[in-house]
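Secondary and tertiary structure notes
Each chain is listed here by its residues.
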Amino acid sequence: MRLKCLESGHREPEAGQIQAVLDAGGHVSDIGRALRYRPELFGRPFSAFLQHLLRDADSHWSVGERELFAAFVSAQNQCPF
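The text that follows walks through the structure, step by step, so that each part is easy to find. Worth saying up front: this structure is predicted, and the values here are computed from it rather than measured. (Residues numbered from 1 in each chain as written. Predicted model: local features only at pLDDT ≥ 70, side-chain atom pairs only at ≥ 80, totals over all residues. Heavy atoms only, no water.)

**Describing the overall build of the protein chain**
Regarding its fold elements, the protein chain presents 5 helices and 0 strands. Taking all 81 residues of the protein chain together, the buried fraction comes to 16%. Long-range contacts, defined here as pairs at least 24 residues apart, represent 34% of the contacts in the protein chain between residues at least 6 apart. Within the structure as shown, the protein chain displays about 6200 Å² of accessible surface, and the carbon and sulfur contribution to it stands at 60%. (Helix = DSSP H or I, 4+ residues; strand = E, 2+ residues; numbered from the N terminus. Buried < 20%, exposed > 50% of the residue type's maximum accessible area, 1.4 Å probe, protein only. Contact = heavy atoms within 4.5 Å. Areas by Shrake-Rupley, 256 points an atom, 1.4 Å probe, with all protein chains shown as cover.)

**With respect to the pattern of salt bridges**
Per the counting criterion, the structure on display carries 2 salt bridges. Among the salt bridges present, the one from Arg 11 reaches Glu 40, with a minimum N-O distance of 2.6 Å. Taken together, the positions of Arg 11 in the loop between helix H1 (4-8) and helix H2 (14-23) and Glu 40 in helix H4 (residues 39-56) put the pair 29 residues apart, joining distant regions of the chain. Judged by relative accessible area, Arg 11 falls into the partly exposed class, the value being 37%. In this structure, Arg 55 engages Glu 67 in a salt bridge whose closest nitrogen and oxygen atoms are separated by 2.9 Å. Of this pair, Arg 55 sits in helix H4 while Glu 67 sits in helix H5 (residues 63-76), and the two are 12 residues apart along the sequence. Residue Glu 67 is classed as partly exposed on the basis of its relative accessible area of 21%. (Salt bridge = Lys/Arg side-chain N within 4 Å of Asp/Glu carboxyl O.)

**What to know about the side chain of Glu 14**
By the element assignment, Glu 14 lies in helix H2. Of the side chains bearing the opposite charge, Arg 44 lies closest to the buried Glu 14, which forms no salt bridge; the N-O distance is 4.8 Å. In this structure Glu 14 touches Arg 36 and Pro 39, once residues within four positions along its chain are discounted. (Lys, Arg positive; Asp, Glu negative; His and termini not counted.)

**Re a nonpolar patch on the surface**
A grouping of Ile 31, Leu 41 and Phe 42 is seen on the molecular surface, where their side chains present a nonpolar patch of about 310 Å² in accessible area. By the element assignment, Ile 31 lies in helix H3 (residues 30-37). (Patch = residues over 30% accessible without salt bridge, like charges linked within 9 Å, V, L, I, M, F, W, Y side chains within 5 Å.)

**What to know about the packing of aromatic side chains**
Tallying each qualifying case throughout the model produces 2 aromatic pairs. Residues Phe 42 and Phe 46 carry aromatic rings whose centres are separated by 4.9 Å and whose planes lie at 20° to one another, so their mutual orientation is stacked. One end of the pair is Phe 42 and the other is Phe 46, both in helix H4 and 4 residues apart, which spans about a single turn. When its relative accessible area of 30% is taken as the criterion, Phe 46 is described as partly exposed. Plain terms: the ring middles of Trp 61 and Phe 69 are 5.1 Å apart, the flat faces sit at 80° to each other, and that makes the pair edge-to-face. (Phe/Tyr/Trp six-rings, centres within 6.5 Å; stacked < 30°, edge-to-face > 60°.)

In structure tokens:
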């Protein structure tokens, strides 16, 4: 069940960005909507953390391997990556 706030509660410029994608025939996933709902509270910090994990964090895996893992998990979840 999609939360109603994720359908219509976005502020500008995020609402305009979502609408532009939809007008162009694109799709905005629920996670995409959530990241843009209140970006100062969740979207930007969460995105920065993910980038840190994929690019900067010490790991036994290369950046390419981490990206491949992320793509595989997205495909398993039937989520466009």
